[in-house]
Amino acid sequence: LPKGVEEAAGSFYFLDRDTSFHLEFDPADGPIQVHAEQDVLNVFQHSIDYLIQYPYGCNEQLASQLTANLLAKQINQQRGERFEKSQYIERGINKLTKRQQAEGYWGWWTETQPDLWMTTYVLRALHEAKQMNYEVPALDKGLVYLTNHLERYKGRQLLSALELLA
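Residues numbered from 1 in each chain as written. Predicted model: local features only at pLDDT ≥ 70, side-chain atom pairs only at ≥ 80, totals over all residues. Heavy atoms only, no water.

(A) Quick peek at the overall build of the protein chain. A tally of regular secondary structure across the protein chain gives six helices and zero strands. Reading the secondary structure of the protein chain in the N-to-C direction produces α-α-α-α-α-α. For 166 residues, the compact-globule formula gives about 15 Å, and the C-alpha radius of gyration of the protein chain, at 19 Å, lies well above that figure. Viewed in the frame of its principal axes, the protein chain has a C-alpha envelope of about 55 × 40 × 35 Å. Burial status across the protein chain gives 31% buried among its 166 residues. Within the protein chain, counting contacts between residues at least 6 apart in sequence, those at least 24 apart form 55% of the total. (Helix = DSSP H or I, 4+ residues; strand = E, 2+ residues; numbered from the N terminus. Rg over C-alpha atoms; globule rule 2.2 N^0.38 Å. Buried < 20%, exposed > 50% of the residue type's maximum accessible area, 1.4 Å probe, protein only. Contact = heavy atoms within 4.5 Å.)

(B) Examining the nonpolar core more closely. Residues Leu66, Ile93, Leu96, Trp106, Leu126 and Tyr134 are the most contacted members of the largest nonpolar core, which totals 33 residues. For this core, the secondary-structure elements that each account for two or more residues are helix H1 (40–52), helix H2 (59–79), helix H3 (86–99), helix H4 (116–131), helix H5 (139–148) and helix H6 (155–165). Beyond its immediate chain neighbours, meaning those up to four positions away, Leu66 contacts Ile89, Ile93, Leu96, Ala125 and Leu126. (Core = buried A, V, L, I, M, F, W, Y, C linked by side-chain atoms within 4.5 Å.)

(C) Inspection of H2 at higher detail. With 21 residues, H2 should cover 30 Å at 1.5 Å per step; its first-to-last C-alpha distance of 30 Å lies within 8% of that length. Trailing H2 by a residue or two, Gly80 shows a phi angle of about 75°, which is positive. (Expected span 1.5 Å × (residues − 1).)

(D) Quick peek at the packing of aromatic side chains. Here the structure, examined in full by the defined rule, presents four aromatic pairs. Taking the centre distance of 5.6 Å and the plane angle of 15° together, the rings of Trp108 and Trp117 count as stacked. The class of Trp108 is partly exposed, set by a relative accessible area of 34%. Ring-pair connections join several aromatic residues into one group, and the members of that group are Trp108, Trp117 and Tyr121. (Phe/Tyr/Trp six-rings, centres within 6.5 Å; stacked < 30°, edge-to-face > 60°.)

(E) The arrangement of the pattern of salt bridges in detail. The final tally for this structure, using the stated rule, is two salt bridges. A salt bridge links Arg79 to Asp39; its shortest N-O distance comes to 3.6 Å. Linking Arg79 in helix H2 with Asp39 in the segment before H1, this pair joins segments that are 40 residues apart in sequence. The class for Arg79 is partly exposed, based on a relative accessible area of 29%. Looking at Asp39, the relative accessible area reads 31%, which means it is partly exposed. With a shortest N-O distance of 3.8 Å, Glu163 and Arg124 are connected by a salt bridge. Residue Glu163 is located in helix H6, and its partner Arg124 is located in helix H4; the two are separated by 39 residues in the primary sequence. Glu163 gets classed as exposed once you look at its relative accessible area, which sits at 55%. What makes Arg124 partly exposed here is its relative accessible area of 27%. (Salt bridge = Lys/Arg side-chain N within 4 Å of Asp/Glu carboxyl O.)

(F) Fine view of a nonpolar patch on the surface. On the surface, Tyr13, Leu15, Phe21, Leu23, Phe25, Ile32 and Val34 cluster together to form a nonpolar patch covering roughly 700 Å² of accessible area. Topologically, Phe21 is positioned in the segment before H1. For Phe21, a relative accessible area of 45% gives the class partly exposed. (Patch = residues over 30% accessible without salt bridge, like charges linked within 9 Å, V, L, I, M, F, W, Y side chains within 5 Å. Areas by Shrake-Rupley, 256 points an atom, 1.4 Å probe, with all protein chains shown as cover.)

Next up, the structure:
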């Protein structure tokens, strides 16, 4: 990938029935792109596809890609379509299981320091997979680790962990 940062700015508008509006753009910002969808599920699917193709492989991205694939499967089910990418869900579960440390936590990368936020984030994705009837061998061990370390959490992180445990 090229060095540097790519920045994108945008707005999302939900248009109900007949709607008109006016947009102004600064020509110095470069070219613009306008995209319209009739079905909100197409908007979600576009974001999911982007996330699934994201090229980095830290544990956060693996958990995000797993969540995106699970959402894609739900969209297909909602539309009555067959989901043909279950292998990506299983692959994500397997990678995250292999990256789980012996104590039950995850760091940002394989064999890095425990990170409570990352552990909760990965466990949330694995929990969603379990809810959709996938085998998730790392879930119980991770939940035990999380439970045993709740006293380290503060504020929003504590609320997020408790929500997951509930």
